[in-house]
Amino acid sequence: MRLRSTFTLAFSFLCAGLLSGQDYSALKYREAGPYRGGRVTTVAGVATSPGTFYFGATGGGVWKSEDYGARWFNISDGYFKTPSIGAIAVAQNDPNVLYVGTGSDGLRSNVIEGRGMYKSVDAGNSWMEIGLKHVGQIGAVRLHPEDFNTVYVAAIGKAFRSNPERGLFKTSDGGKTWSRVLFISEETGVSDVEMLPTNPNFLFAAAWKAIRTPWTIISGGTAKEGGLYKSLDAGKTWYRVENGLPKELIGKIDIEVSASDSRIVYALVEAPGKEGGLYKSIDQGESFTQVSSHNGIRSRPFYYTNIRVDPKNPDVVYAMATGYYKSEDGGENWNRMNPPHGDNHDMWINPNAPNLFIQSNDGGANVTHNGGKSWSTQFNQPTAEIYQVEVDNQHPYWLYGGQQDNYSTVAVPSMPPYGVQAPGIGFIQNTGGCETGPAVPHPTNPDIVYSNCKGRFTVYNKRTGTEQSYYVGASNMYGHNPRDLKFRFQRVSPIHVSPHDPKVIYHTSQYVHKTTDEGKTWEIISPDLTAFEADKQVISGSPITRDITGEEFYSTIYAIRESPLQAGVIWVGSNDGPIHVTRDGGSTWDEVTPRNLPPGGRVDAVEPSPHNPAKAYVAVLRYLLGDPKPYIYKTENYGKNWTLLTTGSNGIPDDFPTRVIREDPEREGLLFAGTEYGMFVSTNDGETWKSFQQNLPVTPITDLKIHRGDLALSTMGRGFWILDQIGPLRQRDLSALSEPYLFKPERTMRYRTPSGAWNGDTPSYPKAGVVLDYFLPEKGEQPVKIEIRNASGQVLTAFSSDSIPNGNSGVSRDMGTNFTEFLVSESLTKHKGLNRFRWDMTMAGPWNSNDNRKYRNGPMVPPGAYKAVLVYGDKTLSQDFELVMDPRVVEGGVSETDVKQQVEFQRAVRDKLSEAYRFEQALEKEVESLNSKPRLSASEQTRLKTLEGVLSQVQTEEGIYMQPMLADQWRYLYSMMNQADQLPGRDAQQRFSELEAELQRLKSKAVLKE
């Protein structure tokens, strides 16, 4: 299996005048989980390699398994310009050849746009773009069974607007050129294409009229606007199949041709009432008969409509919708199956072994060997779709958010909080509410979480695992026309706790609701702050299928924040355009929508400045109106005037919709923006932007928070991510640096990784430590050296990027009082630009004769003031920093004085261990010297016998479970005191005295020469 790290965005959209991405290359994001899969709409497999499977996530790219789904690894990062995957096709006659169509066919409101076709000729190790960049969402990709250069692509079209590139496309040269072989209209695309296995010139195509708006879902139209088409000449000519199919309105269709009996063709059809359901043809698709109108197989057709047939038995049919169904009589009767998760989208059946297949749903992808009786896990796929991110005040802090199609909001830790036996799974915590969130922890009590489930406010108690419900209005909104609702809560309804008073909580419908008693009573503190246009208040889902879940309630407040500087200054933005501000806690409101902002966009984020109460930022998403442009605005006078910070030519490309904007609380004008395709940063208050993608995969950034110097992100397809310590961005403008520079380290907590959490790689947590950032104006040709000194100036440990010749490391000093050996560390880089080194907070360890162990594994230093000293050439730079106690340790009854006593004891044990090791080595050398002589005098023989006797008491004999002797007893005591923060126990102190006496006794007996 080949693992590949994610790559930095390297697309041509980055402006030449902006700073190079290498300036920040040392800053890396890391996955924080959760390790449960997200929505997967397409899967594929390899018939001749039965353990090999692929899945395409809606926001997480393409993944591959070579062991039946036991492990998955991403194969699209660094190549694909969108993470939204619509279809995967494997050339079964040469499985090295893969085709992927981007743009998921499940047209939800958060669907991510497709950006064309990709091809691999090495089983996904590398990819090339092969066109169709503007078709939008791709519903299916089919390969000629004998010629993998002949490919058909079903292009649904742009999700949120009509476009001329819809239809069925064909290539005969592996994607070098394309021709459109079927076109209906700019509003009707093709959602599926199939071919007759016995004659690939016979084709079927499903035409689908599909366009979304923020207030409704248009799925289907008249018979002329959709329906089933057939070609007998490989797509040169087409005719509509009408016999037996619905005559009036017709919507999404999925086609399946039986591989074992080419006469049989199935079509799952969206149509009104009982007309919708499964149709069957026994004459190769010339005519159809309805065999089932089962409600379960045709629920929410715009989102599902998927049918599959057993490759060896044409009567065994699978249907995927909210439920997952199987028929064994050609579709007349259905039994529900039990995959690991609901909301089912796709499956691929191995043609040689039909009980072996992969199936996908909103929880990920899962493989079965036994026809669905048992499944592989979904807790190995970091493709969760997260709607927002909040953080708490714990140590370490946790990240909270709503996870798509999860029964609860979730929280994951920034670092392991405790030891578990399965770290990646064990660190996912339920926090109330449901998939849409948000989940907002109490500012001072993280056991309490204010959660939301599609407008339903709850108070979740993590200690009891129960939640109290305080729904505003206490009325079920499902199925309503929004104009008739007293309160319009969008599926994603914000909750915000006042930064000035933790008892004050805001929640929003079309109004701002306020509570001071955790939801027991609510008051309305605003008028309707939305545009509330009458023609947008409709029953969503037309013209065939009604679909009202709150997702299409268009006139609701979508973002709210109170100024952290001035109580009562509250900014809100609605999902239909207007922006308002109050300066008196809600008594009066002013509409302050930017004049040049096109109307109707969703205000995804409002951001009051943490530096100026009159300043604020907004990020507006108009992608749902067919406008992909970025819209970030800034005001410095409470919204009277606004400045557009995204011109399309100042760093953020003009087709990167913007979702979130935040200003750093430490450095005014340092901005972070999350877009549909990644991260951007500005150091000049939005005048210019540069990519801040680093190693982050291409995926929508739904929200971000800056917390304790870290940048925490939520994504729509790759879970939570963290960039540790943004201090370099806060302290200096890197473009102005021309000399080596050491940045001031952040105040750091003495965190110990819990037992049982060391080896987890899902997610992969960094080692605890102090982050040391330094800048080099050019690639280093000489060693970089770093020393860590305490407040008294003692060198506690030192590192070098390269080996330093003997005699060049400075004046030798006793390790017990000062340390001058430089430990070689590959992590101490010397790249041009920014470099990052993580000191693990330990001082020099004991001496060891093994150079790879010498001075390693030292005691963790106590809390206090320290200094980092960087030496590079003739430059010596230093910065002071502080280590502080882990507050959980203090709560556990261990004081700072206790820790300092512990460290002094550890140092004493370390030095005695070093003394024992040196004594052991000296004994070995003299014994070896005596044994090398051809003859020994009587005194030498006596001497050898004495030394061997002493050595046997110092050195443990080789073998299994041999008795540990003196050196190992010292090491045992050293290890005992290196596990946790504690006062040394009486037994440890007594043992020290015993071992010290024994060491002195044996040294006296040996009388070694110095």
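Here, every reference points to the structure presented above.
Analysis parameters
- Residues numbered from 1 in each chain as written.
- Predicted model: local features only at pLDDT ≥ 70, side-chain atom pairs only at ≥ 80, totals over all residues.
- Heavy atoms only, no water.
- Phe/Tyr/Trp six-rings, centres within 6.5 Å; stacked < 30°, edge-to-face > 60°.
- Helix = DSSP H or I, 4+ residues; strand = E, 2+ residues; numbered from the N terminus.
- Buried < 20%, exposed > 50% of the residue type's maximum accessible area, 1.4 Å probe, protein only.
- Polar contact = N/O pair within 3.5 Å; in protein donor to acceptor, adjacent residues only side chain to side chain.
- Contact = heavy atoms within 4.5 Å.
- Disulfide = S-S within 2.5 Å.
- Pairing = 2+ DSSP bridges.
- Salt bridge = Lys/Arg side-chain N within 4 Å of Asp/Glu carboxyl O.
- Core = buried A, V, L, I, M, F, W, Y, C linked by side-chain atoms within 4.5 Å.
- Axes fitted to C-alpha atoms, helices over the stretch in contact; angles between N-to-C directions.
- Left-handed = near helix turned anticlockwise from the far one by under 90°.
- Nonpolar A, V, L, I, M, F, W, Y, C, P; charged D, E, K, R; others polar.

Caption draft 1: How the structure looks around the packing of aromatic side chains. Following the criterion strictly, the structure yields 31 aromatic pairs and no others. Seen from their ring centres, Y866 and F881 are 6.1 Å apart, and the 25 degrees between their planes marks the pair as stacked. With Y866 in strand β65 (residues 864–872) and F881 in strand β66 (residues 875–884), this residue pair connects regions lying 15 residues apart in the sequence. Accessibility expressed as a relative area gives 5% for Y866, which makes it buried.

Caption draft 2: Just the environment of D329, in detail. In this structure, D329 sits in the loop between β25 (324–327) and β26 (335–336). Taking the C-alpha atoms as reference, D329 lies 20 Å from A353; in sequence the two are 24 residues apart. Among the polar contacts listed, one links the side chain of D329 to the side chain of N333, at a separation of 2.6 Å.

Caption draft 3: Structural context of the environment of G601. Along the chain, the position of G601 falls in the loop between β46 (590–591) and β47 (602–608). For G601, a relative accessible area of 2% gives the class buried. Note: C-alpha distance between G601 and V620 (19 residues apart in sequence) is 6.1 Å. Ignoring sequence-local partners within four residues, the contact set of G601 consists of S574, N575, D576, G577, V620, L621, R622 and L625.

Caption draft 4: Layout of the side chain of K615. With respect to the helices, strands and loops of the structure, K615 is situated in the loop between β47 and β48 (616–621). Given a relative accessible area of 1%, K615 falls into the buried group. A polar contact of 3.3 Å, which involves the side chain of K615, links it to the side chain of E663. Side chain to side chain, K615 and D685 meet in a polar contact 3.3 Å long. In this view, K615 contacts P608, S609, K634, T635, E636, E663, E668 and D685; residues no more than four positions away in its chain are not counted.

Caption draft 5: Broad picture of the state of the cysteines. Summed over the entire model, instances satisfying the criterion amount to one disulfide. In this model C434 forms its disulfide with C453; the gap between the sulfur atoms is 2.0 Å. Across the S-S bond linking C434 and C453, the dihedral sits near 90 degrees, which makes this disulfide right-handed. In this pair, C434 sits in the loop between β33 (429–430) and β34 (439–441) while C453 sits in strand β35 (residues 448–453), placing the two residues 19 residues apart along the sequence. For C434, a relative accessible area of 8% translates into the label buried.

Caption draft 6: Spatial organisation of unusual backbone geometry. In this chain, G437 is followed by P438 through a cis amide linkage whose omega measures 5 degrees. Structurally, P438 is set in the loop between β33 and β34. With omega at -5 degrees, the peptide bond leading from S542 into P543 counts as cis. Following the sequence through the fold, P543 ends up in strand β42 (residues 542–543). Even without being a glycine, E518 presents a positive backbone phi close to 60 degrees.

Caption draft 7: Representation of the sheet that holds strand β8 (residues 117–120) in the model. Read across the open sheet, the four strands follow the order β6-β7-β8-β9; overall the sheet is antiparallel. With partners counted over all chains shown, the strands left at the sheet margins are β6 (85–90) and β9 (128–129), one partner each. For strand β7 (residues 98–102) and β8, the ladder comprises four bridges, and the chain directions are antiparallel. For V100, the partnering residue across the bridge sits in β8 and is Y118.

Caption draft 8: Geometry of the pattern of salt bridges. Enumeration over the complete set of coordinates arrives at 65 salt bridges. K252 is the salt-bridge partner of D105, the closest N and O atoms lying 3.6 Å from each other. Placement of the pair is D105 in the loop between β7 and β8 and K252 in the loop between β18 (239–241) and β19 (253–257), with a sequence separation of 147 residues. Judged by its relative accessible area of 9%, D105 is buried.

Caption draft 9: Layout of the nonpolar core. Residues Y774, W839 and W970 are the most contacted members of the largest nonpolar core, which totals 66 residues. Residue contacts for W839: discarding those within four places in its chain leaves A768, G769, V770, L772, I788, T797, F799, V861, F881 and L883. Among the nonpolar cores identified, the runner-up in size contains 41 residues, and I632, L645, V681 and L734 belong to it.

Caption draft 10: Highlighting the sheet that holds strand β21 (residues 277–281). Pairing is antiparallel across the open sheet formed by four strands, whose spatial order is β19-β20-β21-β22. At either end of the open sheet lies a strand with only one pairing partner, and these are β19 and β22 (289–292). This sheet shows a mean twist of 30 degrees between the axes of neighbouring strands, independent of strand direction. Bridge count for strand β20 (residues 265–269) against β21 is five bridges, and the pairing is antiparallel. Bridge pairing in β21 links L268 to L278.

Caption draft 11: Examining the packing of helix α4 (residues 896–932) against helix α5 (residues 938–954) more closely. Contact geometry for α4 and α5: axes closest at 10 Å, N-to-C directions at 145 degrees. Of the two elements, α4 crosses α5, and the hand of that crossing is left-handed. For the pair formed by α4 and α5, the contact residues are A916, F919, E920, L923, E924, E926, V927, L930 and N931 on the first element and E940, R943, L944, L947, E948, V950, L951 and V954 on the second. Residue composition of the contact of α4 with α5, grouped by class: 10 nonpolar, one polar and six charged.

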